[in-house]
Amino acid sequence: MDMDGGSEENVKRVQVRFVTKLQPPLKVPNTAIAIPSNLTRLGLSTVVNNLLKAANSDWEAEPFDFLIDGELVRMSLEEFLIAKDISAEKILEIEYINAVVPQKQEDPSLHDDWVTAVDGSHPAFIMTGCCDRLGRIWKGAGMCTHVLEGHSDAVTSVSIINTRGSESADQICLATGSDDRTVRLWKFNADFHSKNKLDAQQPSVTLTSYKILRAHNASVKSVSSQPSGNMVCSGSWDATINLWQMNESDTDGDLASVKKRKTDDAVDPLIEGGAVSTLVGHTQCVPCVVWPRDEAIYSASWDHSVRRWDVETGKDSWNLFCGKALNCVDVGGESSALVAAGASDTILRIWDPRKPGTLTPIFQFSSHTSWISACKWHNKSWFHLLSASYDGKVMLWDLRTAWPLAVIDSHTDKVLCADWWKGDSIVSGGADAKLCIASGISL
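Read on for a plain summary of the structure. The model shown is predicted, which means the values in this text are computed figures rather than measured ones. The residue numbers shown here count from 1 along each chain, following its written sequence. Per-residue local features are limited, in this predicted model, to residues with pLDDT of at least 70; the limit for side-chain atom pairs, both in listing and counting, is 80 or more; totals at the level of whole chains, interfaces and linings are taken over all residues. Just so you know, side-chain values use all the structure's heavy atoms and leave hydrogens and water out.

### Thoughts on the overall build of the protein chain
Only runs of H or I of at least four residues qualify as helices and only runs of E of at least two qualify as strands under DSSP, and these elements are numbered from the N terminus. Counting its regular elements, the protein chain contains three helices and 37 strands. The 443 residues of the protein chain split such that 54% are buried. In this analysis, two residues are considered to be in contact whenever any of their non-hydrogen atoms come within 4.5 Å of each other. Considering only contacts in the protein chain between residues 6 or more positions apart, those separated by 24 or more positions represent 52%. Partly exposed residues are those whose accessible area sits between 20% and 50% of the maximum for their type, while under 20% is buried and over 50% is exposed, using a 1.4 Å probe and protein chains only.

### Comments concerning the sheet that holds strand β4 (residues 71–72)
A strand pair is defined by DSSP finding two or more bridges across the two strands. Taken in spatial order, the five strands line up as β2-β1-β5-β3-β4 in an open sheet, and their pairing is mixed. One side of each edge strand has no neighbouring strand; the edge strands of this open sheet are β2 (33–36) and β4. Examined bridge by bridge, strand β3 (residues 64–68) and strand β5 (residues 92–98) share four bridges and lie antiparallel to one another. Across the sheet, D65 pairs through a bridge with I97, a residue of β5. Of the strands in this sheet, β1 (13–19), β2, β3 and β5 touch helix α1 (residues 41–55), which is tilted by about 110 degrees from β3. To obtain each axis, a line is fitted to C-alpha atoms, and for helices this fit is confined to the stretch in contact; angles are then taken between N-to-C directions over 0 to 180 degrees.

### Let's talk about the pattern of salt bridges
One side-chain nitrogen of Lys or Arg within 4 Å of one carboxyl oxygen of Asp or Glu is enough to make a salt bridge. Per the stated rule, a full pass over the model turns up 15 salt bridges. The shortest N-O distance in the salt bridge between K21 and E95 comes to 3.3 Å. Taken together, the residues K21 in the loop between β1 and β2 and E95 in strand β5 connect sequence positions 74 residues apart. The exposure class of K21 is exposed, given its relative accessible area of 67%. Two residues, D179 and K221, come together in a salt bridge whose shortest N-O distance is 3.5 Å. Within this pair, whereas D179 is found in the loop between β13 (171–178) and β14 (182–189), its partner K221 is found in strand β17 (residues 220–225), the two being separated by 42 residues in sequence.

### Things to note about the packing of aromatic side chains
Working definition: a ring pair exists when centres of Phe, Tyr or Trp rings (six-membered ring for Trp) sit within 6.5 Å. Plane angles under 30 degrees give stacked, over 60 give edge-to-face, the rest tilted. Applying the stated criterion across every chain yields a total of nine aromatic pairs. Here F365 and W397 contribute two aromatic rings whose centre-to-centre distance is 4.6 Å and whose plane-to-plane angle is 20 degrees, an arrangement assigned as stacked. Remark: W397 occurs in strand β33 (residues 394–398) and F365 occurs in strand β30 (residues 363–365); sequence separation between them is 32 residues. Considered together, F365 and W397 belong to a single accessibility category, that of buried residues. When the centroid spacing of 6.1 Å and the interplanar angle of 5 degrees are considered together, the rings of W371 and Y390 count as stacked. Of this pair, W371 sits in the loop between β30 and β31 (372–377) while Y390 sits in the loop between β32 (384–389) and β33; the two residues are 19 residues apart in sequence, bridging distant segments of the chain. Across from the ring centre of Y210, 5.1 Å away, lies the NZ or CZ of K187, which sits over that ring. Charge-over-ring placement is defined geometrically: NZ (Lys) or CZ (Arg) within 6 Å of the ring centre, and within 35 degrees of the ring normal. A cation over a ring is seen here: K414 above Y390, with NZ or CZ 5.2 Å from the ring centre.

### Focus on the sheet that holds strand β27 (residues 326–332)
Ordered by their spatial adjacency, four strands build an open sheet running β27-β28-β29-β30, and the pairing between neighbours is antiparallel. Across the chains shown, the open sheet's two edge strands, defined by having one partner strand only, are β27 and β30. Neighbour to neighbour, the strand axes of the sheet diverge by 15 degrees on average, direction disregarded. Pairing between strand β28 (residues 338–343) and strand β29 (residues 348–351): four bridges, direction antiparallel.

### Here's the deal with α1
Because the α-helix completes a turn every 3.6 residues, residues three or four places apart line up on one side. Between its first and last C-alpha atoms α1 spans 22 Å; for 15 residues at 1.5 Å apiece the expected length is 21 Å, and the two agree. Restricting attention to buried positions, one finds in α1 the residues G43, L44, S45, V47, V48, N49 and L52. The length a helix should cover is 1.5 Å for every residue beyond the first.

### Observations concerning the pairing of strand β10 (residues 135–140)
Counting buried residues along β10, five of its six residues qualify, which places the element largely inside the surrounding structure. Connecting strand β9 (residues 126–130) to the next strand, β10, in antiparallel fashion are four residues, including R133 with a positive phi near 80 degrees. The pairing of β10 with strand β11 (residues 143–148) spans five bridges and is antiparallel. Pairing of G140 across the sheet is with M143, part of β11. Connecting β10 to the next strand, β11, in antiparallel fashion are two residues, including G142 with a positive phi near 75 degrees.

### Here we look at the side chain of K211
Mapped onto the elements, K211 comes out in strand β16 (residues 211–214). Classification of K211 as buried rests on a relative accessible area of 0%. Within the structure, the side chain of K211 is placed 2.7 Å from the backbone oxygen of N247, a separation counted as a polar contact. Polar contacts, as used here, are pairs of N or O atoms within 3.5 Å; protein pairs need one atom able to donate a hydrogen and one able to accept it. Residues neighboring in sequence count only if both atoms are side-chain atoms.

### Quick notes on the nonpolar core
Side chains of nonpolar character tend, in soluble globular proteins, to be buried together. Only buried Ala, Val, Leu, Ile, Met, Phe, Trp, Tyr and Cys residues count toward a nonpolar core, and they belong to the same one when joined by side-chain atoms within 4.5 Å. V306, V339, I350 and L385 are the most contacted members of the largest nonpolar core, which has 29 residues in total. Going through the elements one at a time, β23 (288–293), β24 (296–300), β26 (316–321), β27, β28, β29, β31 and β33 are the ones with two or more residues in this core. When residues of this core are assigned to their parent elements, the largest contribution, five residues, is made by β28. When neighbours within four sequence positions are excluded, L385 is seen to be in contact with A340, L348, I350, K376, W377, H378, M395, L396, W397, L399 and W420. Counting residues in hydrophobic clusters, the runner-up holds 24 residues, among them V48, F66, L77 and Y96.

### Concerning unusual backbone geometry
A cis amide bond, omega 10 degrees, links P24 with the succeeding residue P25. Along the polypeptide, P25 turns up in the loop between β1 and β2. The phi torsion at R181 lies on the positive side, around 80 degrees, for a residue other than glycine. Positionally, R181 belongs in the loop between β13 and β14. At S336, a position not held by glycine, the phi torsion is positive, near 50 degrees. In this structure, S336 sits in the loop between β27 and β28. Given the relative accessible area of 46%, S336 is considered partly exposed.

### Details of the pairing of β28
Summarising burial for β28: six of the six residues are buried, a large majority. With six bridges joining them, β27 and β28 adopt antiparallel strand pairing. Considered in β28, the bridge of L326 is made with A343. Once β27 ends, the chain turns through five residues before running back antiparallel as β28, passing G333 with a positive phi of about 70 degrees. In sequence, β28 turns back onto β29 through a hairpin of four residues, with T346 there showing a positive phi of about 75 degrees.

Nothing here speaks to function; it is all geometry.
In structure tokens, the structure reads:
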């Protein structure tokens, strides 16, 4: 029997050499061996684990992925060689890497309504937005430490802001967007988690915003912060993108004023600010904006376009139309230059604006069966990104193969948002009112 469960009778054998960039004890001997040509990834993984166990009797098997000429193998060796017109007469060099699959599904963190937004960009906590009008801070699964209270309608988007040069490294700014047409800014002490012994039974601390930003005349669907932390931008149902100052001054924008809200014994200033500038060009809802570089903002719209905006001039310096309503966009991959976007036709598309003829995607992934609601590049990998969909699934992709590396189906309803957390976990929220965490992903 071969290692994929079939008979070895009349099965061709090929000479292969397994190589890897992984460090010992994950290296096998650099010698050629003959293996059946009908082995798939599972069988190849079994061969490598057997070789590792031969050198170390305590070795415990783990899954691997395999590359031939830089492309992931997702069929039998024989089928791959035929498809790529590779000769089976020479010694075939196969590189093996850690399989990129979640090792653990954490218990879901329950909300009171749909989880519409999630941000995992800080390693110490996760931020979520919910249709119950609240934002939340989570230390981990089931451990909500702070509640952001103030919006009068669903919180549709959240952003953890990298405030360079802030007075305290522990003080982090947050931004939320809402169906109440406003963006709110908040402050949060990140050292709270390290200074306090936390458990799931401890009551959450309520935070109030220090600044309300008004200029949109329809729901705010997305917020994103400038890498420098000086500004935030927001996309809206009103088809515009507004830019806002992060500072606590009451002099920015056209609508600046200072209101007072009474607390038990004091009067606390609550600043209202207007937009510093407005980017106009989209003709329908802007459900997603990202700000990967200080000078450039990217947006996706239901008008079927992705646009790159020059922050200084306020003009779009690059745009493309894909013929479908777009729900999400992210920038990453090779040299942080590739643009990924998810659409209403279930296809995840990737463009490279550096290449001529950029109207044609360089990659298209079509395993989802409903609208794609979120896509996110891994910030330390040129190849990996995730997507979330109304089909209830989160998929993990590698540009070196057309099939998803992993399908996470921990939700029981539409997945509305997803992000990476701590480099080895995926966090997602959905219409089932759950924040789910899939951890132990090795890249």
